[in-house]
Amino acid sequence: MINIQFKMKKYARLIFSLFFLSCCLMLPASIALAQSPDAVTGTWLTGSKKGHVEIYKQGSRYFGKIVWLKEPNDPATNKPKTDSNNPDPAKRKQPLVGLVNLKGFAFEGDNTWVDGTIYDPENGKEYSCKMTLRGNSTLDVRGYVGVSLLGRTDTWQRVK
């Protein structure tokens, strides 16, 4: 009876040791992936699920452009939707697909990109913005005026 209990404790310690060792080996890889400045690049489905934004790196900064719209054409004209709410009349005829709406982000560390701006074509306004990556497939995009506390967060999901 005592011999059986001893063997059970021995196996339990072995299983725990293997589990602990595997966690220790995986931790640096997951930290390295999460801390990569380029981890934010890729295509993202916006929170409203109306569009996809492709985030890419240009030089040392990150930008994003609209690459897909759920409803790409204006129902009234059956032509591609344009940036009709832009405050600059010269830009109101530019198509929304291909429009760069995220500009100038810098990687701050801790899965955060800062010092950028986001343009909202639905109201024609541009806001200060920061992005925070949660895991590998969720991105919190926070647009704000002045300070980050005065803003709104939109949660995007990675498409590819």
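Structure: see above.
The notes below deal with the structure included here. (Residues numbered from 1 in each chain as written. Predicted model: local features only at pLDDT ≥ 70, side-chain atom pairs only at ≥ 80, totals over all residues. Heavy atoms only, no water.)

1. As for the overall build of the protein chain
The helix and strand inventory of the protein chain stands at 1 helix and 8 strands. Counting from the amino terminus, helix and strand elements in the protein chain follow one another as α-β-β-β-β-β-β-β-β. A total of 160 residues make up the protein chain; the buried ones form 28% of that total. The contacts of the protein chain with a sequence gap of at least 6 include a subset with a gap of at least 24, amounting to 37%. Accessible surface, the protein chain as shown: approximately 10,600 Å² in total, 60% of it carbon and sulfur. (Helix = DSSP H or I, 4+ residues; strand = E, 2+ residues; numbered from the N terminus. Buried < 20%, exposed > 50% of the residue type's maximum accessible area, 1.4 Å probe, protein only. Contact = heavy atoms within 4.5 Å. Areas by Shrake-Rupley, 256 points an atom, 1.4 Å probe, with all protein chains shown as cover.)

2. Describing the environment of Trp113
As for its position among the elements, Trp113 is in strand β5 (residues 112-120). Counting along the chain gives 17 residues from Trp113 to Lys130, while the straight-line C-alpha distance between them is 5.6 Å. Beyond its immediate sequence surroundings of up to four residues, Trp113 is in contact with Ser36, Pro37, Ala39, Val40, Tyr62, Phe105, Ala106, Phe107, Glu108, Lys130, Met131 and Leu133. A polar side-chain atom of Trp113 sits 3.1 Å from the main-chain carbonyl oxygen of Pro37. (Polar contact = N/O pair within 3.5 Å; in protein donor to acceptor, adjacent residues only side chain to side chain.)

3. Thoughts on the nonpolar core
Among the nonpolar cores identified, the biggest contains 21 residues, and Ile55, Leu102, Met131, Leu139 and Trp156 are the most heavily contacted of them. The contact partners of Leu139, leaving out residues within four places of it in the chain, are Val40, Trp44, Ile55, Met131, Thr132, Leu133, Asp154, Thr155 and Trp156. (Core = buried A, V, L, I, M, F, W, Y, C linked by side-chain atoms within 4.5 Å.)

4. Description of the pattern of salt bridges
Pairs may arise between side chains of opposite charge once their charged atoms sit close together. Taken as a whole and assessed by the stated rule, the structure comprises 3 salt bridges. The salt bridge involving Lys50 is made with Glu122; its shortest N-O contact spans 3.4 Å. In this pair, Lys50 is assigned in the loop between β1 (42-45) and β2 (51-58) and Glu122 in the loop between β5 and β6 (125-134), connecting sequence segments 72 residues apart. Accessibility expressed as a relative area gives 45% for Lys50, which makes it partly exposed. Here Glu122 falls in the exposed class, since its relative accessible area comes to 55%. Its salt-bridge partner being Asp140, residue Arg134 comes within 2.7 Å of it at the nearest N-O pair. Exposure remark for Arg134: the relative accessible area of 45% places this residue in the partly exposed category. (Salt bridge = Lys/Arg side-chain N within 4 Å of Asp/Glu carboxyl O.)

5. Notes on the packing of aromatic side chains
One pass over the full model with this rule turns up 3 aromatic pairs. Aromatic pair Tyr56 and Phe63: ring centres 6.1 Å apart, planes at 25°, arrangement stacked. With a relative accessible area of 21%, Tyr56 lands in the partly exposed category. For the pair Tyr62 and Trp113, a centre-to-centre distance of 6.4 Å together with 80° between the ring planes defines the contact as edge-to-face. Residue Tyr62 is located in strand β3 (residues 61-69), and its partner Trp113 is located in strand β5; the two are separated by 51 residues in the primary sequence. Each member of the pair, Tyr62 together with Trp113, is buried. Clustering of aromatic rings is evident, with ring pairs tying together Tyr62, Phe107 and Trp113. The lysine or arginine in question, Lys65, covers the ring of Tyr56, its NZ or CZ lying 5.8 Å from the ring centre. (Phe/Tyr/Trp six-rings, centres within 6.5 Å; stacked < 30°, edge-to-face > 60°. Lys NZ or Arg CZ within 6 Å of the ring centre and 35° of its normal.)

6. Quick word on a nonpolar patch on the surface
A cluster of nonpolar side chains, namely Val147, Leu149 and Leu150, defines an oily patch on the protein surface of about 350 Å² accessible area. Considering the arrangement of structural elements, one finds Leu150 in the loop between β7 (138-144) and β8 (151-158). Looking at Leu150, the relative accessible area reads 58%, which means it is exposed. (Patch = residues over 30% accessible without salt bridge, like charges linked within 9 Å, V, L, I, M, F, W, Y side chains within 5 Å.)

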